[in-house]
Amino acid sequence: MELAWYALLGLFFAGYLVLGGYDYGVGLLLARGADAPRRRAALNAVGPFFLGNEVWLVAAAGILFGAFPVLEGELLAGSYPAVAAALAGVILVTAGVQLRSRPDSARARAAWDRVIVVGSLLAALGWGVVLAGLLQGVPLRADGHVAGVTHLFTPFAAATGLAVLALVVAHGATFLTLQLPTVEGDRLRPLARRLLLTAIVAVGAATVAGLLSDRVRAAAQRPAVGVLLAVLLVTALLAARAALGRRRPGLAFAATATALALPVLLIGATLWPYALVSTVEPSASLTVTDAAASGPTLRLLGWLTVPLLPALLGFQAMCLWIFRGRADGRAPVYW
Amino acid sequence: MDTLLLARLQFATTASVHFLFVAVTLGLVTLLVGMQTAWVVTGNHRWERLTRFWGQLYVINYVLGIATGVVMEFQFGLNWSGLSRYVGNVFGAPLAIETLVAFFLESTFLGMWIFGWHRLRRGAHLALLYGVAITAYASAFWIMVANSWLQNPVGYEVRDGVAHLTDFAALLTNPALWMALGHVVSAALLTGGLLMAAISAWHLNRRTPDLALFRSSLRIGLVTAALAITLVQGFGFAQFGPVGGVQPTKFGGDSPQAEVLIADWTSRFGPGDYLPPALSNVGLGFMILIGFALGLLWLLVPLLWRDWIIRLRFPLWLLMLALPLPFVALILGWIAREVGRHPWVAYGLLPVDQAVSPISPWLMAASLVGFTLLLGTLAVTNWMLLARYAARGAADPALGRPPAQPPADDPRPEPAFA
């Protein structure tokens, strides 16, 4: 039962990285100096999906708290600066996207667009560092608490933060080639291909940094699986690049979405059976079972939420279906 | 500097800002449901315009509700890791349910509602708003279940120092829950109704265009606020019995039950100050005064007859001046409830100093200052935008604007693309 909840946690966080990922990618691409109508069109391509994307994070955090309370407390408090930065980023993007078109002046809108860029940057880097923190282990003491936060500042964490940032930008650009009107989408294709190349380099660099890090090697229970999944991630990015070259943006987006979801699987599989590995006290490491809530809580959550899962995913799918197709002149413009 | 004090301050600030926005969300969405239903049923264009105008304000207000809500959710893990460790098995369950079955769906529906104008059939579009409203109420319910458990922990047993869930039904029949839920929900209706009445009063007083439109919303807002204040008072006073029963120290420690309880705590947790600061009850007194003052809203209701409320002018001013009152009362009420359980996170079970995360005071201070500035700035900006959109009137809100029409609020026309 713990495994099922762990998988569900992974599903929702991976869903957030995929869906929130293109929000932030589109947000970051506002920085490339396009004119005001293009910036607005990019945000409205995300349009109807934006609110539904952000809440995958909320749901993941809810599962983390309800089903893995101990992991929740130690992971968040133990990665404080990274989580706080990511959170600030999430808030800036949420407010920025929804409010940027409410003022009339072009200057105010441009200022809000900069808020969105900064927010997207913080969110991508912050969650990247949190993921790296999981993979390199934390100084979890015998009393169950994480000591300090300086353990986050490692070359591997920096490399992972940058890799997630590169992934998110490339994913966002791929999303826009799929979702904007054909002419505009085609114009973005060369940029998206360049960004995918950058992402491949960044993911490669993070993988090498991980292989060189003693802490990562010590924490990894199944290093081979980790390397395999990293290779798979790079393959997905290569596939996306090739698909863009053949004018198959839908396929390319599927590939970058896979690439955004893979880090979660990579961490879960590489650390299994642990959820949080201690770098200072091996016996303090939390297995998934240790971290999970007790049986009655998991059963209750199962009874109350699992029957509703099809509805949750169904309404999200309904949103995708209603607003499918490229954002053309007939689509409402609100953001 | 003291990590615990900083963490408490941060919780108080975030929760206060959060409540200012979610109360308006909950109140307005209820009225919007009525307006859009009237539009779909009657087909009257006026209801569509009302839905768009008030919907626009609702959607702007919603932004800060989410932003502060996300911080609230993560704050438990960031600042209060002891809470997850010792009582997460019980307290985490209602919060997890809230995020999955309420918050998640609410946002999904709202995104479709905003972008669904002119794209969905009217019935489907209305159904989305019903979805938003139902999940908003579900959200309030589960949050109150979680909060009530902190006020009065029930349905658990402690094994190896950790609380385990034994009886979930006890969480739903918690004496600290139902009256408080009624109180909070009617306070939200009061806030939403008074906001609607006050903004309408502003337009009627300035004789802006659309007098007929704002006359309607003035009537809806005022009647809602008047009905709601009576419910607020009723649920409020009805709470004193159950709350005094389960939290004898909340309103001061001079009752015999409070003395027995404090003696018990002293034997189990060691000597200490087990009374909440006097401050929380001072605020409670002010809140009750505001509650009585707002009860006078009923005096304005008869003036709706033959529009005397508009013709006399001064009642319009009264409504505008009364607008801050429910917001002040909301904050004071929450301070009384939350500070009143001090020094406990979970009353009689988990003291605050065991719940706070063991992190450096400097980090906590940086987080407090950073998030307060961030949320404070966003809140003020949001209110300025709300005020501007409220003042702009119902001529052409961006929400629900037909796609073919070039947006009037754009400096230059935006053809299909580029």
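From a predicted model like this one, the values you see are computed outputs, not experimental measurements. (Residues numbered from 1 in each chain as written. Chains lettered and ligands numbered in written order. Predicted model: local features only at pLDDT ≥ 70, side-chain atom pairs only at ≥ 80, totals over all residues. Heavy atoms only, no water.)

1. Remarks on the overall build of chain A
Then comes step 1: The helix and strand inventory of chain A stands at 14 helices and two strands.
Then comes step 2: C-alpha atoms of chain A, sized along the principal axes, occupy 60 × 45 × 35 Å.
Then comes step 3: Within chain A, the proportion of its 335 residues that are buried is 66%.
Then comes step 4: In chain A, once contacts between residues fewer than 6 apart in sequence are set aside, the share between residues at least 24 apart is 82%.
Then comes step 5: Here chain A displays about 11,800 Å² of accessible surface, and carbon together with sulfur accounts for 70% of that area.
Then comes step 6: Of the charged side chains in chain A, 25 are positive and 15 negative, and the gap between their average positions amounts to 14 Å. (Helix = DSSP H or I, 4+ residues; strand = E, 2+ residues; numbered from the N terminus. Buried < 20%, exposed > 50% of the residue type's maximum accessible area, 1.4 Å probe, protein only. Contact = heavy atoms within 4.5 Å. Areas by Shrake-Rupley, 256 points an atom, 1.4 Å probe, with all protein chains shown as cover. Lys, Arg positive; Asp, Glu negative; His and termini not counted. Charge placed at Lys NZ, Arg CZ, Asp CG, Glu CD.)

2. Observations regarding the overall build of chain B
Then comes step 1: The helix and strand inventory of chain B stands at 15 helices and four strands.
Then comes step 2: A globule of 418 residues ought to have a C-alpha radius of gyration of about 22 Å, and chain B, at 23 Å, matches this closely.
Then comes step 3: Over its C-alpha atoms, taken along the principal directions, chain B stretches across nearly 70 × 55 × 40 Å.
Then comes step 4: Sequence-distant contacts in chain B: of pairs separated by 6 or more residues, those separated by 24 or more amount to 80%.
Then comes step 5: Here chain B carries 24 positive and 20 negative side-chain charges, and the mean point of each set is 17 Å from the other. (Rg over C-alpha atoms; globule rule 2.2 N^0.38 Å.)

3. Observations regarding a nonpolar patch on the surface
Residues and elements named next belong to chain B.
Then comes step 1: Where nonpolar side chains cluster on the molecular surface, the patch consists of Trp305, Trp308, Leu312, Phe314 and Leu318 and spans about 540 Å² of accessible area.
Then comes step 2: Examined against the element boundaries, Leu318 turns out to sit in helix α12 (residues 314-322).
Then comes step 3: The class for Leu318 is partly exposed, based on a relative accessible area of 43%. (Patch = residues over 30% accessible without salt bridge, like charges linked within 9 Å, V, L, I, M, F, W, Y side chains within 5 Å. Salt bridge = Lys/Arg side-chain N within 4 Å of Asp/Glu carboxyl O.)

4. Some remarks on the packing of aromatic side chains
Any aromatic ring pair is given by two values, namely how distant the centres are and how the planes are angled relative to each other.
Residue and element names in this part refer to chain B.
Then comes step 1: If you walk through the whole model with that rule in mind, you get 41 aromatic pairs over all chains.
Then comes step 2: A centroid spacing of 5.7 Å and a plane angle of 20 degrees characterise the contact between Trp39 and Trp117, whose relative ring orientation is stacked. One end of the pair, Trp39, is in helix α1 (residues 3-42); the other, Trp117, is in the loop between α3 (81-115) and α4 (122-151), with 78 residues separating them in the sequence. When sorted by exposure, Trp39 lands in the same class as Trp117, which is buried.
Then comes step 3: Look at Phe269 and Trp344: their rings are 4.9 Å apart centre to centre, the planes differ by 75 degrees, and that puts the pair in the edge-to-face class. Of the two residues, Phe269 sits in helix α8 (residues 256-269) while Trp344 sits in strand β3 (residues 344-346), which places them 75 residues apart along the sequence. (Phe/Tyr/Trp six-rings, centres within 6.5 Å; stacked < 30°, edge-to-face > 60°.)

5. Things to note about the confidence of the model for chain B
Any residue range with low pLDDT should be treated as having predicted coordinates unsuitable for detailed reading.
Residue and element names in this part refer to chain B.
Then comes step 1: Of the residues in chain B, 96% reach a pLDDT of 70 or more, and the chain-wide mean stands at 93.
Then comes step 2: A low-confidence stretch, residues 411-418 stays under pLDDT 50, and its non-local contacts, those more than four residues away or across chains, total 16 contacts.
Then comes step 3: In the model output, the complex is listed with pTM 0.95 alongside ipTM 0.95. (pLDDT = per-residue confidence, 0-100.)

6. What to know about the interface of chain A and chain B
Then comes step 1: The partner chain B presents 76 residues to the 78 residues of chain A that form the contact.
Then comes step 2: Surface buried jointly by chain A and chain B totals about 6,900 Å² across both partners, of which 76% is contributed by carbon and sulfur atoms.
Then comes step 3: Residue B:Arg392 pairs with A:Asp104 through a salt bridge whose shortest N-O separation is 2.7 Å.
Then comes step 4: The interface formed by chain A and chain B holds 15 residue pairs in polar contact (both at pLDDT 80 or more) in total.
Then comes step 5: Elements supplying a minimum of two residues to the side of chain A that touches chain B: α2 (36-46), α3 (50-67), α4 (69-78), α5 (80-99), α6 (106-136), α13 (295-305) and α14 (309-322) of chain A.
Then comes step 6: Examining the composition of the side of chain A that touches chain B, we find that twelve residues originate from one element, α3(A), more than from any other.
Then comes step 7: Classifying every residue of the side of chain A that touches chain B by side-chain character gives 50 nonpolar, 16 polar and twelve charged. (Buried area = accessible area lost by both parts, 1.4 Å probe. Polar contact = N/O pair within 3.5 Å; in protein donor to acceptor, adjacent residues only side chain to side chain. Nonpolar A, V, L, I, M, F, W, Y, C, P; charged D, E, K, R; others polar.)

7. Quick notes on α6(A)
Then comes step 1: The first and last C-alpha atoms of α6(A) sit 45 Å apart over 31 residues, in line with the 45 Å expected at 1.5 Å per residue.
Then comes step 2: Two residues or fewer after α6(A) comes A:Gly137, characterised by a positive phi angle close to 80 degrees. (Expected span 1.5 Å × (residues − 1).)

8. Description of the nonpolar core
Then comes step 1: Judged by nonpolar contacts, the single largest core of 290 residues is most densely connected at A:Phe12 and A:Phe68.
Then comes step 2: It is α1(B) that contributes the most residues to this core, 20 residues altogether.
Then comes step 3: What A:Phe12 contacts, discounting residues up to four positions off in sequence, is A:Trp56, A:Ala59, A:Ala60, A:Ile63, A:Leu309, A:Leu312, B:Leu100 and B:Phe104.
Then comes step 4: One finds B:Ile262, B:Tyr274, B:Trp344 and B:Tyr347 within the second-largest nonpolar core, a separate group that totals five residues. (Core = buried A, V, L, I, M, F, W, Y, C linked by side-chain atoms within 4.5 Å.)

9. A look at the environment of A:Val231
Residue and element names in this part refer to chain A.
Then comes step 1: Here Val231 lies in helix α10 (residues 223-245).
Then comes step 2: For Val231, a relative accessible area of 47% corresponds to the partly exposed category.
Then comes step 3: For the pair formed by Val231 and Gly33, sequence separation is 198 residues and the distance between their alpha carbons is 34 Å.

10. Examining unusual backbone geometry
Then comes step 1: That bond from A:Trp272 to A:Pro273 is cis: its omega, 10 degrees, falls within 30 degrees of zero.
Then comes step 2: Each neighbour pair has its own omega, and for B:His342 with B:Pro343 the value is 0 degrees, a cis peptide bond.
Then comes step 3: Residue placement: B:Pro343 occurs in the loop between α13 (324-339) and β3.
Then comes step 4: Within the chain, B:His118 stands out as a residue other than glycine whose phi angle is a positive 65 degrees.

11. Some words on the packing of helix α8 (residues 182-212) of chain A against α10(A)
Residues and elements named next belong to chain A.
Then comes step 1: Two numbers describe how α8 lies on α10: the axes approach to 9 Å, and their chain directions differ by 170 degrees. Taken together, α8 and α10 sit at an angle that is classed as roughly antiparallel. Residues Arg189, Ala192, Arg193, Leu196, Leu197, Ala199, Ile200, Val203, Thr207 and Leu211 of α8 form the contact with α10, whose participating residues are Val227, Ala230, Leu233, Val234, Leu237, Leu238, Ala240, Arg241, Leu244 and Gly245.
Then comes step 2: Split by residue class, the contact of α8 with α10 holds 15 nonpolar, two polar and three charged. (Axes fitted to C-alpha atoms, helices over the stretch in contact; angles between N-to-C directions. Parallel < 35°, antiparallel > 145°, perpendicular 65-115°, else oblique.)

12. Notes on the pairing of strand β1 (residues 156-159) of chain B
Then comes step 1: Here four bridges tie β1(B) to strand β2 (residues 162-165) of chain B, and the two strands are oriented antiparallel to one another. The residue bridging B:Arg159 from the neighbouring strand is B:Val162, located in β2(B). (Pairing = 2+ DSSP bridges.)

13. A short note on the pattern of salt bridges
All names here are of chain A.
Then comes step 1: The full count for this structure, using the stated rule, is 19 salt bridges over all chains.
Then comes step 2: A salt bridge links Asp113 to Arg100, with the nearest nitrogen and oxygen atoms 2.8 Å apart. Placement of Asp113 in helix α6 and of Arg100 in the loop between α5 and α6 is noted, with a sequence separation of 13 residues between them.
Then comes step 3: Judged by its relative accessible area of 2%, Asp113 is buried.
Then comes step 4: The closest approach of N and O atoms between Asp186 and Arg189, which form a salt bridge, is 3.7 Å. In this pair, Asp186 and Arg189 are both assigned in helix α8, three residues apart and thus about one turn of the helix distant.
Then comes step 5: Given the relative accessible area of 15%, Arg189 is considered buried.
Then comes step 6: A single salt-bridge network, built from bridges that share partners, covers Asp35, Arg38, Glu184 and Arg187.

14. Overview of the packing of α3(A) against α5(A)
All names here are of chain A.
Then comes step 1: Look at α3 against α5: their axes get within 11 Å of each other, and the N-to-C directions meet at 165 degrees. One element, α3, and the other, α5, form an angle in the roughly antiparallel class. Both α3 and α5 take part in a crossing whose hand is left-handed. Residue-level contacts link Phe50, Leu51, Glu54 and Leu57 of α3 to Val90, Val93, Thr94, Val97 and Gln98 of α5.
Then comes step 2: Class assignment for the residues of the contact of α3 with α5 results in six nonpolar, two polar and one charged. (Left-handed = near helix turned anticlockwise from the far one by under 90°.)

15. Details of the pairing of β2(B)
Then comes step 1: Neither face of β2(B) is left uncovered, since the one carrying B:Val162 and B:His164 and the one carrying B:Ala163 and B:Leu165 both have all their residues buried.
Then comes step 2: Adjacent in sequence and paired antiparallel, β1(B) and β2(B) are bridged by two residues, among which B:Asp160 carries a positive phi angle near 50 degrees.

16. Points about the side chain of B:Ser186
Residues and elements named next belong to chain B.
Then comes step 1: In this structure, Ser186 sits in helix α6 (residues 178-206).
Then comes step 2: The exposure class of Ser186 is buried, given its relative accessible area of 2%.
Then comes step 3: Discounting residues that sit within four places of it in the chain, Ser186 has contacts with Ala228, Leu231, Val232 and Phe235.

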